[in-house]
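What follows is each chain in one-letter form.
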Amino acid sequence: DAGVTQSPTHLIKTRGQQVTLRCSPKSGHDTVSWYQQALGQGPQFIFQYYEEEERQRGNFPDRFSGHQFPNYSSELNVNALLLGDSALYLCASSYGNTIYFGEGSWLTVV
Amino acid sequence: EDQVTQSPEALRLQEGESSSLNCSYTVSGLRGLFWYRQDPGKGPEFLFTLYSAGEEKEKERLKATLTKKESFLHITAPKPEDSATYLCAVQANTGGFKTIFGAGTRLFVKA
């Protein structure tokens, strides 16, 4: 049984560029959440998708957007990248309260 | 505002030296409290979910307990492979669907 899978694992972008990160949830999970984790910090909630709709959003600007597909997979898009967007981006899936994380996508903005 | 505070920030133990990690939380109605383990460069790995005060869960050398204001992760006779960052997180009844994380405790176990 595959867990939560994310791609790419590492990427480097330039300030002002746009990035798309992808996530496939754990089998049987219909809800996908995205988190940003800066070095030495705990994960920060970006938003959650359920039934292809954004169900809740954390304190992140509109530059952060997402999408969920009919097969429950999801994308996170970040526009106009800033140096401060450099972080580990974690996708988590759930069916019920407990969330299960993927290995993350390391984004470096230079 | 819902908040999670973990202490200490870092903990160094000798192999076999038991200890506890603390997670204090402030939420408007607790839906669930979660413990995760995170190895460097990896995503968090789920350990436990606790729902109500007095509840306890165990897994190998780890035991998690919950009171109305805090949770403890007890580590009994730790081994070097227990070295990791341990994250505590909560979901609030009025917080919708988001999970709020603490900054974590970095545990180092020396052989």
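So, here's what we can say about the structure. Every chain is numbered independently, its residues counted from 1 as its sequence is written. To label them, take the chains in the order written and letter them from A, then take the ligands in the order written and number them from 1. Note on the predicted model: pLDDT of at least 70 is required for a residue's local features to be given, and 80 or more for side-chain atom pairs to be given and counted; whole-chain, interface and lining totals, by contrast, use all residues. By convention in this description, side-chain values take in all heavy atoms of the structure and omit both hydrogens and water.

### Overview of the pairing of strand β6 (residues 56-59) of chain B
Residues and elements named next belong to chain B.
Right, so step 1: Inspection of the sheet shows β6 paired to strand β7 (residues 62-66) by 4 bridges, in the antiparallel sense. Bridge pairing in β7 links Lys 57 to Ala 64.
Right, so step 2: Criterion used throughout: strands pair if DSSP finds at least two bridges between them. Elements are defined by DSSP. Helices are runs of H or I of four residues or more, strands are runs of E of two residues or more, and each kind is numbered from the N terminus. Hairpin remark: β6 followed by β7, antiparallel, with 2 residues in the connecting loop; positive phi at Glu 60, about 55°.

### Focus on the nonpolar core
Right, so step 1: If you look at the biggest cluster of nonpolar residues, it comprises 25 residues, and the most contacted ones within it are Leu 33, Trp 35, Leu 73 and Tyr 86 of chain B.
Right, so step 2: Looking at which element gives the most residues to this core, the answer is strand β9 (residues 84-92) of chain B, with 5 residues.
Right, so step 3: We call two residues contacting when some pair of their heavy atoms lies within 4.5 Å. Beyond its immediate stretch of four places on either side in the chain, Leu 33 of chain B contacts Cys 23, Tyr 25, Phe 48, Thr 49, Leu 50, Leu 66, Ser 71, Cys 88, Ala 89 and Val 90 of chain B.
Right, so step 4: Val 4, Val 32, Tyr 49 and Leu 81 of chain A belong to the second-largest nonpolar core, a separate cluster that totals 20 residues. By convention a nonpolar core is built from buried Ala, Val, Leu, Ile, Met, Phe, Trp, Tyr and Cys residues, the set being connected through side-chain atoms within 4.5 Å. For every residue, the accessible area obtained with a 1.4 Å probe (protein chains only) is divided by the maximum for its type, and the residue is called buried under 20%, exposed over 50%, and partly exposed between those limits.

### Some points on the pattern of salt bridges
Any two side chains of opposite charge can pair, given that their charged atoms come close.
Right, so step 1: Criterion for a salt bridge: a side-chain nitrogen of Lys or Arg within 4 Å of a carboxyl oxygen of Asp or Glu. For the structure shown, the criterion picks out 7 salt bridges over all chains.
Right, so step 2: Note that Arg 22 of chain A is salt-bridged to Glu 75 of chain A, the shortest N-O span being 3.5 Å. One end of the pair, Arg 22 of chain A, is in strand β3 (residues 19-24); the other, Glu 75 of chain A, is in strand β8 (residues 74-78), and 53 residues separate them in sequence.
Right, so step 3: Its relative accessible area of 42% is what places Arg 22 of chain A among the partly exposed residues.
Right, so step 4: Across the pair Arg 61 of chain B and Asp 82 of chain B runs a salt bridge, and its minimum N-O distance is 2.8 Å. Of this pair, Arg 61 of chain B sits in the loop between β6 and β7 while Asp 82 of chain B sits in the loop between β8 (70-75) and β9, placing them 21 residues apart in sequence.

### Overview of the interface of chain B and chain A
Right, so step 1: Opposite the 21 residues of chain B that make contact, chain A presents 20 residues.
Right, so step 2: Of the roughly 1700 Å² buried between chain B and chain A on both sides combined, carbon and sulfur atoms contribute 53%.
Right, so step 3: Counting the surface chain B buries against chain A, the share from its top three residues, Pro 44, Phe 97 and Phe 101 of chain B, is 31%.
Right, so step 4: On inspection of chain B and its partner chain A, the count reaches 0 salt bridges.
Right, so step 5: Any N or O atom pair separated by 3.5 Å or less is treated as a polar contact, with the protein-specific requirement of one donor-capable and one acceptor-capable atom, and with residues adjacent in sequence counted only for side-chain atom pairs. Between the two partners, chain B and chain A, sit 6 residue pairs in polar contact (both at pLDDT 80 or more).
Right, so step 6: Where the side of chain B that touches chain A is concerned, the elements lending two or more residues are β4 (30-38), β5 (45-50) and β9 of chain B.
Right, so step 7: Counting residues per element, the side of chain B that touches chain A draws most heavily on β4 of chain B, which supplies 4 residues.
Right, so step 8: Charged residues are taken to be Asp, Glu, Lys and Arg, nonpolar residues to be Ala, Val, Leu, Ile, Met, Phe, Trp, Tyr, Cys and Pro, and polar residues to be all remaining types, Gly included. Partitioned by chemical class, the residues of the side of chain B that touches chain A number 9 nonpolar, 9 polar and 3 charged. Accessible area, probed at 1.4 Å, shrinks when two parts are joined; the buried area is that loss added up over both.

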